[in-house]
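Architecture at a glance
Here is how the chains run, residue by residue.
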Amino acid sequence: MRIVFMGTPDFAVGTLQALVESGKHEIAAVITQPDRPKGRGQKMLMTPVKEYALTQALPVYQPAKVKTSEFIEELRELQPEIIVVAAFGQLLNQEILTLPPLGCVNVHASLLPKYRGAAPIHYAILQGEKESGVTIMQMDIGMDTGAMLSKVTVPIGSEMTMGELHDELKVKGAELLVRTLDELAAGTVKPEAQNEAEATYARLLDRMMEKIDWTQSAAKIHDLVRGFNPAPGAFTRLPDGKSLKIWKTALAAGASAPAGTVTAVTKKGFIVACGSGALEVLEVQPESKKRMEAKVFCNGRGVEPGTVLGNIEG
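Residues numbered from 1 in each chain as written. Predicted model: local features only at pLDDT ≥ 70, side-chain atom pairs only at ≥ 80, totals over all residues. Heavy atoms only, no water.

**Brief notes about the packing of helix α1 (residues 10–22) against helix α2 (residues 48–55)**
Interaxial distance between α1 and α2 falls to 8 Å at its minimum, and their mutual angle equals 25°. Looking at the two axes, α1 sits roughly parallel to α2. In the packing of α1 onto α2, the handedness of the crossing is right-handed. Counting all contacts with α1, which are made through D10, A12, V13, L16, Q17 and V20, the residues of α2 involved are P48, V49, Y52 and A53. Here the contact of α1 with α2 is composed, by residue class, of eight nonpolar, one polar and one charged. (Axes fitted to C-alpha atoms, helices over the stretch in contact; angles between N-to-C directions. Helix = DSSP H or I, 4+ residues; strand = E, 2+ residues; numbered from the N terminus. Parallel < 35°, antiparallel > 145°, perpendicular 65-115°, else oblique. Left-handed = near helix turned anticlockwise from the far one by under 90°. Contact = heavy atoms within 4.5 Å. Nonpolar A, V, L, I, M, F, W, Y, C, P; charged D, E, K, R; others polar.)

The structure is reproduced here in structure tokens:
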């Protein structure tokens, strides 16, 4: 097939790489978001998809908006048979969706209709799901509402982080996309409509979601820590007001105490009482410092039994 690929972050690189390495398809062009300034020096950085595309000598386009008439005309001149989309970051209009003979397909990192929207991988962990997956979907004008073409399921272990799930879905989704394109070419795909009654949405993440509310259950906080690892990180406040990111926890037994109270220092870190249950904190990052084992933080008298960590307002 002659394909135009649209994608931006690292997740999308897996799909583009699988298409290239399959040797079955012609990549007419790669469409990705414009380069953005990043970091303290505000250095302009290429998107991960652009970086990979250039190593393969693929033509790269970076429109600020894909829905302009000028860019749609450029797309038309590329004559794609199908457009493959993976975490692109811009909405497509009806003119683009119907431009290729086979339409546009999306590699979405959830088991649709669950977790439509921008952050499905984070939400699968945040909500304590036992499984996630990837859905290949025929795109329509709605937000991840199109007919499902294929799915793959990935189990979520109780200690799995968002980053680990991301990497698993990146690989599984890429493999599934290549297989699905083969089935589309053979005419054997059977589209399945989504059940709207089962639809849920993964809304954009915000800073408030990163704050740990110690009045919640230990299991819920454990999922929050896993769901924001490796980015952006869940945090609490120390008594002096400085932030403390918490990167790794484990469910633990602990003495009864007000939520947020450090009840014990252990060989691995420290235990915090929660609204129900307790958590052992195993890895932290004090403000303006690097990540470290929680036991090292304790050795520096970062916390001790009786220390009260800030709640969601703190």
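Don't stop here, the text continues.
**Considerations on the packing of aromatic side chains**
According to the stated counting rule, one finds two aromatic pairs in the structure shown. With a centroid separation of 6.3 Å and an interplanar angle of 70°, the aromatic rings of Y61 and F71 are classed as edge-to-face. Residue Y61 is found in strand β5 (residues 60–61), and its partner F71 is found in helix α3 (residues 69–78); the two are separated by ten residues along the sequence. Residue classification places Y61 among the partly exposed positions, given a relative accessible area of 23%. Relative accessible area serves as the criterion here: at 4%, F71 is assigned to the buried category. (Phe/Tyr/Trp six-rings, centres within 6.5 Å; stacked < 30°, edge-to-face > 60°. Buried < 20%, exposed > 50% of the residue type's maximum accessible area, 1.4 Å probe, protein only.)

**A look at a nonpolar patch on the surface**
On the surface, L91, M143 and Y201 cluster together to form a nonpolar patch covering roughly 340 Å² of accessible area. Here Y201 is to be found in strand β11 (residues 201–202). (Patch = residues over 30% accessible without salt bridge, like charges linked within 9 Å, V, L, I, M, F, W, Y side chains within 5 Å. Areas by Shrake-Rupley, 256 points an atom, 1.4 Å probe, with all protein chains shown as cover. Salt bridge = Lys/Arg side-chain N within 4 Å of Asp/Glu carboxyl O.)

**What to know about the pairing of strand β7 (residues 104–108)**
Counting buried positions along β7 yields five of five residues, so the element is predominantly enclosed. In β7, alternate side chains face the same way, and those of C104, N106 and H108 on one face and V105 and V107 on the other are all buried. Strand direction decides the pairing type here: strand β6 (residues 82–86) and β7, joined by three bridges, are parallel. Bridge pairing in β7 places V85 opposite N106. Inspection of the sheet shows β7 paired to strand β9 (residues 131–138) by four bridges, in the antiparallel sense. Residue pairing for β9: V107 is matched across the bridge by I136. (Pairing = 2+ DSSP bridges.)

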